[in-house]
Structure formats: C-alpha cells, structure tokens
Amino acid sequence: MVDFNALARQLQESAAKDPQARAALDSLMQHAQSPDGKRIARSIPPACAGQIEQAAAAAQRGDMNAAKAVLSQMMQTPEGADLARQLQFLMGK
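Keep in mind it's a predicted model, so treat the numbers as computed, not measured. Along every chain, residues carry numbers that run from 1 in the direction the sequence is written. The predicted origin of the model limits local features to residues at a pLDDT of at least 70 and limits the giving and counting of side-chain atom pairs to 80 or more, whereas totals for whole chains, interfaces and linings rest on all residues. Hydrogens and water are ignored here; the side-chain numbers use all heavy atoms of the structure.

**Student:** Please give an account of the nonpolar core that cites residues and values.
**Tutor:** The nonpolar side chains of a soluble globular protein tend to be buried, and buried together. Ranked by size, the top nonpolar core spans eight residues in total: I40, I44, C48, A49, I52, M74, L83 and L90. The way it works is that DSSP assigns letters per residue, a run of H or I at least four long becomes a helix, a run of E at least two long becomes a strand, and they are numbered from the N terminus. Of all the elements in the fold, those that place two or more residues in this core are α4 (46–60) and α6 (78–90). The leading source of residues in this core is α4, at three residues. Grouped together as the second largest cluster of nonpolar side chains are five residues, A55, A58, A59 and V70 included. The definition of a nonpolar core used throughout is a set of buried Ala, Val, Leu, Ile, Met, Phe, Trp, Tyr and Cys residues joined through side-chain atoms within 4.5 Å. Relative accessibility under 20% of the residue-type maximum defines a buried residue, over 50% an exposed one, and the middle range a partly exposed one, all with a 1.4 Å probe and only protein chains included.

**Student:** I'd like a description of the side chain of Q86, backed by residues and values.
**Tutor:** Examined against the element boundaries, Q86 turns out to sit in helix α6. Pairs of N or O atoms within 3.5 Å make up the polar contacts considered here, provided that, within protein, one atom can donate a hydrogen while the other can accept it, and that residues adjacent in sequence are counted only when both atoms are side-chain atoms. Of note is the side chain of Q86, whose polar atom sits 2.8 Å from the side chain of D82. If sequence neighbours within four positions are ignored, Q86 has contacts with R39, I40 and S43. Residue contacts are defined here by distance: any two heavy atoms, one from each residue, within 4.5 Å place the two residues in contact.

**Student:** Would you mind going over α4 in detail, with residue names and values included?
**Tutor:** Each α-helix winds once per 3.6 residues, and so residues spaced three or four apart point in a common direction. Multiplying 1.5 Å by the residue count of a helix minus one yields the expected span of that helix. The terminal C-alpha atoms of α4, which comprises 15 residues, lie 21 Å apart, in line with the 21 Å expected from a rise of 1.5 Å per residue. Considered for burial, the residues of α4 that qualify are C48, A49, Q51, I52, A55, A56, A58 and A59. Immediately beyond the C-terminal end of α4, within one or two residues, lies G62, with a positive phi of roughly 90 degrees.

Such coordinate-based values are descriptive only and should not be taken to indicate function.
Written as structure tokens, this is what we have:
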C-alpha cells in the first residue's frame, strides 16, 4: 500500500514554491484521509504504487517532466485509469 503521508511530505517539498500545486496537494491530502480515500489507497495495485513512488521521487528532484511521464505511462494501464477515475470521483471532479 502507498504511504500517502510520506508521499505527501515529498510532494509538499516539491510544491512549496508553487501555490497552485500546494493547494491541489492540500485538497488531495484532505480527501486521502477520508474513509473513501483510505479505501482507494488500500486498493492500489503494487505496480501502480511503484509508479506513483517513482513519480513522487522525480517531482522531489524537481524533474516534473519525468514525473508526468511516469504518471502518463501509469494512466495507460487499466489499473491506472481506474485509479484516476476513483480519485476524480473522490475529489468531486
């Protein structure tokens, strides 16, 4: 299971200089702490979890292009697309 708290700390460091990214991250973290958010976190397949961690590591290094590329690749899988749908629903988008 993805440790969203550790992931959030990494992303917060990366988003510190970007108010819009910080606001989006804060919203995501608020939703992640909800019962539905916790359910989604438990359901993330190991392959997606690894890709999420790779993207977070790239973002922490400041390599946003690499982070986007990893997430884009993940979104091409059925599991990644399903995860995105669940997150969009959770966030009301």
